[in-house]
Amino acid sequence: MIKLAQDCERLSTCCRHVVNVFITNIFGTFKSAVGSKKIISCKMFIELVILLISLVSFLHYTKKWSLPPGPFSLPLIGCPEFLWKGSKGPVIFNSKYHKYGDWYTVTMFTGRNIVILNDYQLNKELFSRDEFSGRMKTWFNANVRGAHGQTKGILTNDGQDWVIQRRFALKQLRDLGFGKKALDEFMVEEADGVIDRMLQNPNGLVKMEAVFNVAVVNVLWQMIASKKFDPNAGETKEVMGMLDYIFRRANPSSGGNSLINFLRTFFPKQVPQSEIELTVLGLKDFMRKLIKEHESDIDYDNPRDFIDVYLKQIRDEPEQFDTDELIALCFDFFAAGSETTSTSLTWSMLYMVINPEVQDKCRAEIDEQLGSKCPSIEDMSHLPYNMATLLELQRISEVAQGSLPHVLLKDVEVRGYKLKKGTIFASNLHKLLMDPVEFPEPEKFKPERFLSKDGKTIKRSNYLVPFGIGKRICMGEALAKNEMFVFFVRILQRLTLSTSNDEIPDPKNFTSRVTKVPDPFFVKVTSRNN
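Residues numbered from 1 in each chain as written. Predicted model: local features only at pLDDT ≥ 70, side-chain atom pairs only at ≥ 80, totals over all residues. Heavy atoms only, no water.

Participant: Which parts of the structure should I look at to understand the packing of aromatic side chains?
Facilitator: Two aromatic rings are characterised by how far apart their centres lie and by the angle between their planes. Tallying each qualifying case throughout the model produces 17 aromatic pairs. The interplanar angle of 35° and the centroid separation of 6.2 Å between the aromatic rings of Tyr100 and Tyr104 together place this pair among those described as tilted. The exposure class assigned to Tyr100 is partly exposed, which follows from its relative accessible area of 25%. One aromatic cluster is present, formed by Phe168, Phe306, Tyr310, Phe321 and Phe333 through successive ring pairs. Over the ring of Phe439 we find Arg395; its NZ or CZ atom is 5.3 Å from the centre of that ring. Here Arg472 stacks its cationic end above the ring of Trp162, 4.0 Å away from the centre of that ring. (Phe/Tyr/Trp six-rings, centres within 6.5 Å; stacked < 30°, edge-to-face > 60°. Buried < 20%, exposed > 50% of the residue type's maximum accessible area, 1.4 Å probe, protein only. Lys NZ or Arg CZ within 6 Å of the ring centre and 35° of its normal.)

And the structure:
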């Protein structure tokens, strides 16, 4: 009640200011007008504006009063500080909002409220329930990411269709080797390709920018499309450029630009397509072309990869599986399955060069346990210090500082709040990964925090949730962990990493949109064979 009164007082002051400015402008425009009718019309118009402002304000604060507390906001405008700081993840998940407790509400531009979950138990409780597993029904998700006004695929889909698509995709990918030892040799081959290209750079200086993207995509794409991208091919550079734009310069995870979605509700054909929409559609065209190539020579009795398996399913169950779903699935796999892992590996290179003592300990353990043998996921249990280092890398790098938005699918009551269908929620992964109680001195890079006292056993933490929590947890978690391990170990097995001309990269320099990506930096690589 106290907070509501404070909000109303601020609103009253703001409204008075708006009305005063409005009256001044109106009477300035009509100062030469004569006749009582014009003056009366002007006064009526002002009264109408005041009434409209009052109504919008009443609806805004009444709705917000039914949600957990949060920073001050204005109707339609949202939290004023977001206007000049931008609505990036780090702003809405900022540590200064932890004072509100286990959860808080932020209001974005156009008046969209998002409830941010700080507490681990609350995250686990809510996001393990079906009703908290919805996605935003925006024009972007239904017509750009999806097709014909319907959401498709996995990332932006929900309901029974999401359940069917996710279950089918996970089963088929597991049968094709997803997250299994069968991919070990292929992962080592791709890691060696990255290392060899690094060593070709003059003086061993490597610019760490999109170094791992193609290799990481190739591991997954072998199962999806039996295709391997050539890092030097024009098509590869074009496709990777699109992916780079989506994750570094745009933010499609929340359903596209709020203003664009708002305008499209009323003017679907008049609003021109944005750059992010054109980029997503371009990637979908690439997927569509790939699927047509498979259709031209498919053997339904001997499917080669996931696309073949899905095309067979379309033939057998066309009412639940179609080409638009397959295109959306391929887009989801390509985007989400490559960016997070490649970015995590880039962060690992940064932290290794600024923590050479950790790098040396990892390498010593690799030499002792593996020698020159290529790494395999079966070696994880034999390399506890390397595993602890990878866990600490996943924690401190915070590649995803918050979850994708979850939408409530029905009215519920939680902790005294009567939450309405359509309420948006997001998990504050930043709060969990940097929790000072669970992880003392969270800003420091300390792999030992995940090791037992004797250094032989891994200590797990519920707060280490880089892949999310609940029913929407990343389905590629197993593959991502395996790729991280094999690439990381293989690189330290073959290379020594150091800073370039004493230019030490700073972890505080990064770009954060969908994922948190370090700004480009240089690393000096030296082959251990020499």
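Participant: In this structure, what is going on with the sheet that holds strand 8 (residues 495-499)? I would like to understand it.
Facilitator: With respect to topology, three strands assemble into an open sheet ordered 3-11-8, the strand pairing being antiparallel. Each having just a single partner strand, strand 3 (205-208) and strand 8 make up the two edges of the open sheet. The mean inter-strand angle of the sheet, taken between neighbouring strand axes irrespective of direction, is 40°. Sitting on the sheet, helix 8 (residues 184-199) touches strand 3, strand 8 and strand 11 (521-527), and the angle it makes with strand 11 is about 100°. (Pairing = 2+ DSSP bridges. Helix = DSSP H or I, 4+ residues; strand = E, 2+ residues; numbered from the N terminus. Axes fitted to C-alpha atoms, helices over the stretch in contact; angles between N-to-C directions. Contact = heavy atoms within 4.5 Å.)

Participant: In this structure, what is going on with the environment of Arg363? I would like to understand it.
Facilitator: Of note, Arg363 is situated in helix 15 (residues 356-369). Here Arg363 falls in the buried class, since its relative accessible area comes to 7%. Counting along the chain gives 133 residues from Arg363 to Thr496, while the straight-line C-alpha distance between them is 9.0 Å. In this view, Arg363 contacts Leu492, Leu495, Thr496, Leu497 and Arg528; residues no more than four positions away in its chain are not counted.

Participant: Please explain the nonpolar core as it appears in this structure.
Facilitator: Generally speaking, nonpolar side chains in soluble globular proteins are found buried as a group. Ranked by internal contacts, the top residues of the largest apolar core, which has 111 residues, are Phe212, Trp221, Ile224, Phe306, Phe333, Phe334 and Leu497. Examining the composition of this core, we find that 15 residues originate from one element, helix 14 (residues 323-354), more than from any other. Ignoring sequence-local partners within four residues, the contact set of Phe333 consists of Ile154, Ala169, Leu173, Leu220, Trp221, Ile224, Phe306, Ser338 and Met475. Counting 15 residues, the second largest nonpolar core, distinct from the first, contains Tyr97, Tyr104, Met108 and Ile424. (Core = buried A, V, L, I, M, F, W, Y, C linked by side-chain atoms within 4.5 Å.)

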